[in-house]
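Structural features, examined
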Amino acid sequence: MKKRMIAAAASAMLLCACGEKNESAQDMQYIKTAVLYDTLSDMYENPNQYLGKNYHIVGTLFLSKDDDGTEIYSVYAQEPNSDHGLGLELDWSDFSSVQEHDKIMVEGKLERESGTYHGEQLEYLVLRVTTLEKRD
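Just so we're clear, the structure is a prediction, and the values are computed from it rather than from any experiment.

What counts and how
- Residues numbered from 1 in each chain as written.
- Predicted model: local features only at pLDDT ≥ 70, side-chain atom pairs only at ≥ 80, totals over all residues.
- Heavy atoms only, no water.
- Helix = DSSP H or I, 4+ residues; strand = E, 2+ residues; numbered from the N terminus.
- Core = buried A, V, L, I, M, F, W, Y, C linked by side-chain atoms within 4.5 Å.
- Buried < 20%, exposed > 50% of the residue type's maximum accessible area, 1.4 Å probe, protein only.
- Contact = heavy atoms within 4.5 Å.
- Salt bridge = Lys/Arg side-chain N within 4 Å of Asp/Glu carboxyl O.
- pLDDT = per-residue confidence, 0-100.
- Lys, Arg positive; Asp, Glu negative; His and termini not counted.
- Polar contact = N/O pair within 3.5 Å; in protein donor to acceptor, adjacent residues only side chain to side chain.

Structural notes on the environment of Tyr117
Note on placement: Tyr117 falls in strand β5 (residues 103-117). Residues Tyr117 and Asp68 lie 49 residues apart in sequence; the distance between their C-alpha atoms is 9.4 Å.

The following block contains the structure:
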């Protein structure tokens, strides 16, 4: 009887652990490449609908510099049938494994920050990256 109780308890713990893992996987919002530009546009227009959520994005790594020369990396998407593009800033400590214009997969949590750009104080969106990989 004791062995059955121990086995049942162990099974219950395994089921709970699996359930937690599946819950966190379900929390990830996957943005398809075909709608990335439109989704980024909507994030900027309606940020409160997106803030605090985790995203999986495949796009192009883009590099720009702010007023003081600090490099700003972003995941970038080009508007279909246009030369216009849009990027989402990435907060990540090490971009040494990727180069500008590489196709990347990035995952992270969307947050809001404030800073100065061209002398103006403004708020902007930033993805706090947990995973960044180069794609072929």
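Things to note about the nonpolar core
Of all hydrophobic cores here, the largest spans 24 residues; its most connected members are Met43, Ile57, Leu88 and Leu90. Residue assignment for this core shows that the elements contributing at least two residues are α2 (36-45), β2 (54-65), β3 (71-78), β4 (85-91), β5 and β6 (120-135). Residues within four places of Met43 in sequence aside, it is in contact with Ile31, Tyr50, Tyr55, Leu88, Leu110 and Leu125.

Quick notes on the pattern of salt bridges
Under the defined criterion, the tally for this structure stands at five salt bridges. Between Arg128 and Glu111 there is a salt bridge whose closest N-O contact spans 2.9 Å. Pair noted here: Arg128 is in strand β6 and Glu111 is in strand β5, with a separation of 17 residues, a long-range link. In this structure Glu111 comes out as partly exposed when scored by relative accessible area, which is 28%. Between Arg128 and Glu113 there is a salt bridge, with its nearest N and O atoms 2.5 Å apart. Here the residue Arg128 occupies a position in strand β6, and Glu113 occupies one in strand β5, the gap between them amounting to 15 residues. Classification of Arg128 as partly exposed rests on a relative accessible area of 22%. On the basis of relative accessible area, Glu113 is assigned to the partly exposed category, the value being 25%.

Focus on the confidence of the model for the protein chain
Looking at the protein chain, the pLDDT average stands at 84 and 81% of residues meet or exceed 70. Note that residues 1-23 has pLDDT below 50 and, in this model, zero contacts with residues that lie over four places away or in other chains.

Focus on the side chain of Glu107
For Glu107, the location among the structural elements is in strand β5. Arg135 provides the closest opposite charge to the buried, unpaired Glu107, separated from it by 7.1 Å. Polar contacts involving the side chain of Glu107 include one to the side chain of His56, which spans 2.7 Å. Discounting chain neighbours no more than four positions away, the residues touching Glu107 are Met28, Tyr55, His56, Leu127, Arg128, Val129, Thr130 and Thr131.

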